[in-house]
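# A closer look at the structure
The residues making up each chain are set out below.
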Amino acid sequence: MSDVVLFEELQTPSGFKLGVATLNSEKSLNALSLDMIQRLQPQLDAWAAADDIAAVFLQGAGEKAFCAGGDIVAMYRAMEAKPGVLVDEVADFFGQEYRLDYTIQTYPKPFIIWGHGIVMGGGMGLMNGGSHRIVTERSLLAMPEITIGLYPDVGATYFLNKMPAGCGLFLGMTGAHINATDALFLNLADHFVSSSHKSTVIESLLALPWSNSAAANRTQVSELLAGFTPAAEQQPPAAQVEPHLEVIQRVTTGAEAADVVASITQEPSTDGWFQRAQKTLAGGCPMTAHIVFNQLQHGADLNLADCFRMELTLSVQCCTRGDFREGIRALLIDKDKQPRWQHDSVAAVDAEEVDAFFTSPWAAAEHPLRDL
């Protein structure tokens, strides 16, 4: 059995080292497991404290995915064994995942993410913490949780709110797939680099004149990555979000979740990307639409740590009272793709039910993420 995360320390001519971590589960598209999290956290902590580590580079094994999400099948098994109960395994997974995401978001050294291939769900949480987020011509990003009865977590409360007006709500509700060009426009990525240039990127990073100044190191990494021009055959893909910006902003201005869902799904469009987003929302979990609408409103003024604390509350509530278990069953267990959501429509969801998802099962002094 190979290690689910591989670690290397690459020596540089300047005397410092580049820490390289590789998610190593190609078969699962590098889906983030608890085992991965528990290996990454102590290593990243150690590298943060090590004087000879100048920067960290995080990548996924293979060419298909950086990280396609979290290991939700394992969570399904735990929920299935104890329906309606706050299962320790589930709370532990989310709590440790969010702690890892927070570590990356607040990392004291340059943290470079090679976001090649599929970047979804848990992968978005890892990627959006990076100080230097790289996308390629084959990057495919999404927060598709509405299809499984969860909601955009892993810090999405924070980063969806940093997008141009309306875009975070639209992407969270529809789970729309976006490419490298979209990611740059939406502040989900910092640099486009052709995938054929990966080895050159690493060689160039090693050649930098690293120092003990994290600020100076960040600046020179930014300048280095900004200098890469796309290979002729690997140009950035055509924009999908920006051409729809006016429409997205118009259809997301409703005062209630049901109003926004109606506006999005009823908008006339002949564009395939927009139509797929409409279809996903129409078939998605009604409660998720409400959670997304409210989480972005609640999270607009929250700091990063409070966003993660709120998300842990939402996630365990989705497991105990929500549709998460049913969503996983329909998509990944029985694979009938016919989820039986608790509500027939977004309009049928009661406001008090939504409020219950935002009610923490822990006292403030007992919250698992109270120390962030």
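Residues numbered from 1 in each chain as written. Predicted model: local features only at pLDDT ≥ 70, side-chain atom pairs only at ≥ 80, totals over all residues. Heavy atoms only, no water.

As recorded in an unreviewed UniProt entry, the protein goes by the name 3-hydroxyisobutyryl-CoA hydrolase, listed as coming from Pseudidiomarina aestuarii. UniProt's Catalytic activity (unreviewed entry) comment on the protein is quoted here verbatim: "3-hydroxy-2-methylpropanoyl-CoA + H2O = 3-hydroxy-2-methylpropanoate + CoA + H(+)". (UniProt positions renumbered as here; feature names shortened; annotations may be inferred.)

## Observations regarding the sheet that holds strand E3 (residues 53-60)
With mixed pairing, 6 strands are arranged side by side in an open sheet as E1-E2-E3-E5-E7-E9. If you trace the sheet from one side to the other, it starts and ends with strand E1 (5-11) and strand E9 (191-192), each paired once. Of the strand pairs in this sheet, strand E2 (residues 17-23) and E3 are connected by 7 bridges, and their pairing is parallel. Within E3, the residue paired with Gly 19 across the bridge is Val 56. Across the face of the sheet, helix H1 (residues 34-49) comes into contact with E1, E2, E3 and strand E5 (111-115) while running at roughly 20° to E1. Where helix H8 (residues 198-207) meets the sheet, it contacts E1, E2, E3 and E5, and its direction lies at approximately 170° from that of E3. (Pairing = 2+ DSSP bridges. Helix = DSSP H or I, 4+ residues; strand = E, 2+ residues; numbered from the N terminus. Contact = heavy atoms within 4.5 Å. Axes fitted to C-alpha atoms, helices over the stretch in contact; angles between N-to-C directions.)

## Quick notes on the packing of helix H11 (residues 257-266) against helix H13 (residues 286-299)
In the contact formed by H11 and H13, the axes pass within 9 Å of each other and the chain directions differ by 110°. Judged by the inter-axis angle, H11 sits roughly perpendicular to H13. With respect to the hand of their crossing, H11 and H13 are arranged in right-handed fashion. Along its contact with H11, which presents Ala 257, Val 260 and Val 261, the element H13 presents Ala 289, His 290 and Phe 293. (Parallel < 35°, antiparallel > 145°, perpendicular 65-115°, else oblique. Left-handed = near helix turned anticlockwise from the far one by under 90°.)

## Things to note about H1
Quick reminder: α-helices carry 3.6 residues per turn. Residues three or four places apart thus point the same way. With 16 residues, H1 should reach 22 Å at 1.5 Å per residue; the first-to-last C-alpha distance of 23 Å fits that figure. Listed as buried for H1 are Met 36, Ile 37, Leu 40, Gln 41, Leu 44 and Trp 47. Considered in projection along H1, the buried side chains sweep an arc of 145° and stay on one side of the axis. Residues of H1 that are buried in the fold lie against E1, E2, E3, helix H3 (88-105) and E5. (Expected span 1.5 Å × (residues − 1). Buried < 20%, exposed > 50% of the residue type's maximum accessible area, 1.4 Å probe, protein only. Arc of directions from axis to C-beta.)

## Focus on the pattern of salt bridges
Tallied over the full model, the rule gives 13 salt bridges. Notably, a salt bridge pairs Arg 250 with Glu 246, separated by 3.2 Å at the nearest N-O pair. Remark: Glu 246 and Arg 250 occur in helix H10 (residues 245-251); sequence separation between them is 4 residues, near one turn of the helix. Judged by relative accessible area, which is 52%, Glu 246 ranks as exposed. With its nearest N and O atoms 2.9 Å apart, the salt bridge here joins Asp 306 to Arg 309. Of the two residues, Asp 306 and Arg 309 both sit in helix H14 (residues 304-320), 3 residues apart, roughly one turn of that helix. Where salt bridges share partners, they join Glu 326, Arg 329, Asp 334 and Asp 336 into one cluster. (Salt bridge = Lys/Arg side-chain N within 4 Å of Asp/Glu carboxyl O.)

## Comments concerning the pairing of E2
Within a regular strand, the side chains alternate between the two sheet faces. E2 sits mainly inside the fold: 6 of its 7 residues count as buried. Where E1 lies against E2, 7 bridges are found, and the strand directions are antiparallel. Bridge assignment links Glu 8 to a residue of E2, and that residue is Val 20. A loop of 5 residues connects E1 with E2, the two strands running antiparallel in sequence, and Gly 15 in this loop sits at a positive phi of about 95°.

## Points about the layout of surface pockets
In this structure, the largest pocket spans a volume of roughly 620 Å³. Lining of the largest pocket is provided by 27 residues; of these, Ala 68, Gly 69, Gly 70, Ile 72 and Ile 148 occupy positions nearest its centre. For the lining of the largest pocket, the secondary-structure elements that each account for two or more residues are helix H2 (72-81), H3 and helix H15 (324-333). For the second largest pocket, the calculated volume is near 480 Å³. In terms of lining, the second largest pocket is formed by 18 residues, of which the most central are Thr 147, Arg 276, Lys 279, Thr 280 and Gly 283. Where the lining of the second largest pocket is concerned, the elements lending two or more residues are helix H12 (272-283) and H15. Among the elements that take part in the lining of the second largest pocket, H12 stands out by supplying 6 residues, more than any other. Split by residue class, the lining of the second largest pocket holds 7 nonpolar, 8 polar and 3 charged. (1 Å grid on protein atoms, 1.4 Å probe; cavity = no way out; pocket = protein on both sides within 12 Å on 5 of 7 lines; lining within 4 Å. Points joined across faces, edges and corners; volume = space filled by probe spheres on them. Nonpolar A, V, L, I, M, F, W, Y, C, P; charged D, E, K, R; others polar.)

## Observations regarding the sheet that holds strand E4 (residues 65-67)
Pairing is parallel in the open sheet, where 3 strands are placed in the order E4-E6-E8. Of all strands in the sheet, those bounded by a partner on one side alone are E4 and strand E8 (140-142). Each neighbouring strand pair of the sheet contributes to a mean axis angle of 15°, computed without reference to strand direction. In terms of strand pairing, strand E6 (residues 118-120) meets E8 through 3 bridges, oriented parallel.

## Describing the packing of aromatic side chains
In this structure the tally under the stated criterion is 9 aromatic pairs. A centroid spacing of 5.9 Å and a plane angle of 40° characterise the contact between Phe 94 and Tyr 98, whose relative ring orientation is tilted. Of this pair, Phe 94 and Tyr 98 are both found in helix H3, 4 residues apart, which corresponds to roughly one turn of the helix. Tyr 98 gets classed as buried once you look at its relative accessible area, which sits at 0%. Where Phe 94 meets Phe 324, the ring centres are 6.4 Å apart and the plane angle is 45°; that geometry is what we call tilted. Of the two residues, Phe 94 sits in helix H3 while Phe 324 sits in helix H15, which places them 230 residues apart along the sequence. Linked through ring pairs, Phe 93, Phe 94, Tyr 98, Tyr 102, Phe 308 and Phe 324 together constitute an aromatic cluster. (Phe/Tyr/Trp six-rings, centres within 6.5 Å; stacked < 30°, edge-to-face > 60°.)

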